[in-house]
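Here's the letter readout for the chains.
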Amino acid sequence: MEKTRLMMSNNKLRSFQNNFAHAVVNDYEPQSFLDDITPAGELKRPEDALDAHREGYYVRLTEALGENFEGTWFALGDDSFFKACRHFIKMNKST
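Scoring rules and cut-offs
Residues numbered from 1 in each chain as written. Predicted model: local features only at pLDDT ≥ 70, side-chain atom pairs only at ≥ 80, totals over all residues. Heavy atoms only, no water. Helix = DSSP H or I, 4+ residues; strand = E, 2+ residues; numbered from the N terminus. Expected span 1.5 Å × (residues − 1). Buried < 20%, exposed > 50% of the residue type's maximum accessible area, 1.4 Å probe, protein only. Arc of directions from axis to C-beta. Contact = heavy atoms within 4.5 Å. Polar contact = N/O pair within 3.5 Å; in protein donor to acceptor, adjacent residues only side chain to side chain. Phe/Tyr/Trp six-rings, centres within 6.5 Å; stacked < 30°, edge-to-face > 60°.

In this model, helix α3 (residues 46-68) (23 residues) spans 34 Å end to end at C-alpha, consistent with the 33 Å of a helix rising 1.5 Å per residue. Of the residues making up α3, those classed as buried are Pro46, Glu47, Ala49, Leu50, Arg54, Gly56, Tyr57, Tyr58, Thr62, Leu65 and Gly66.

What follows is the structure, given as structure tokens:
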């Protein structure tokens, strides 16, 4: 019985993790999923917590692109490079 409960708990966690990753990468946030998010700190709404993770996703991938394409960043300048990165990241979802 304990093993069954643990398996169900693991399945629920795995499902939440998959939904969370999908929500961050695809700007997808169904209400049923938002109900499972508990914001922390100064964040009051689940949407705010999800947005913080979403922004972190773009920042980390933009940093990686910047490290690999320093010359392109220099040639384009910050604003154009960051816009190009955001577009690239949206078109090429991280798995």
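On we go.
Relative to the 20 Å expected for 14 residues at 1.5 Å per residue, helix α5 (residues 78-91) spans 20 Å between its end C-alpha atoms, a close match to the ideal helical length. Among the residues of α5, Phe81, Cys85 and Ile89 are the ones counted as buried. Viewed end-on, α5 has its buried residues packed into an arc of 65°, placing them on one side of the element. Of the exposed residues in α5, the ones pointing more than 90 degrees away from its buried face are Asp79, Lys83, His87 and Met91. Those residues of α5 that are buried are in contact with α3 and α4 (70-76).

Bringing the side chain of threonine 62 into the picture now. Along the chain, threonine 62 falls in helix α3. A polar side-chain atom of threonine 62 sits 2.7 Å from the main-chain carbonyl oxygen of tyrosine 58. When neighbours within four sequence positions are excluded, threonine 62 is seen to be in contact with Phe81, Phe82, Cys85 and Ile89.

Here the distance between the centres and the angle between the planes together describe a pair of aromatic rings. One pass over the full model with this rule turns up seven aromatic pairs. Judged by centre distance (6.0 Å) and plane angle (25°), the rings of phenylalanine 16 and phenylalanine 20 are stacked. With phenylalanine 16 and phenylalanine 20 both in helix α1 (residues 2-26) and four residues apart, the pair spans about one turn of that helix. Phenylalanine 16 gets classed as partly exposed once you look at its relative accessible area, which sits at 28%. Owing to a relative accessible area of 22%, phenylalanine 20 belongs among the partly exposed residues under this scheme.

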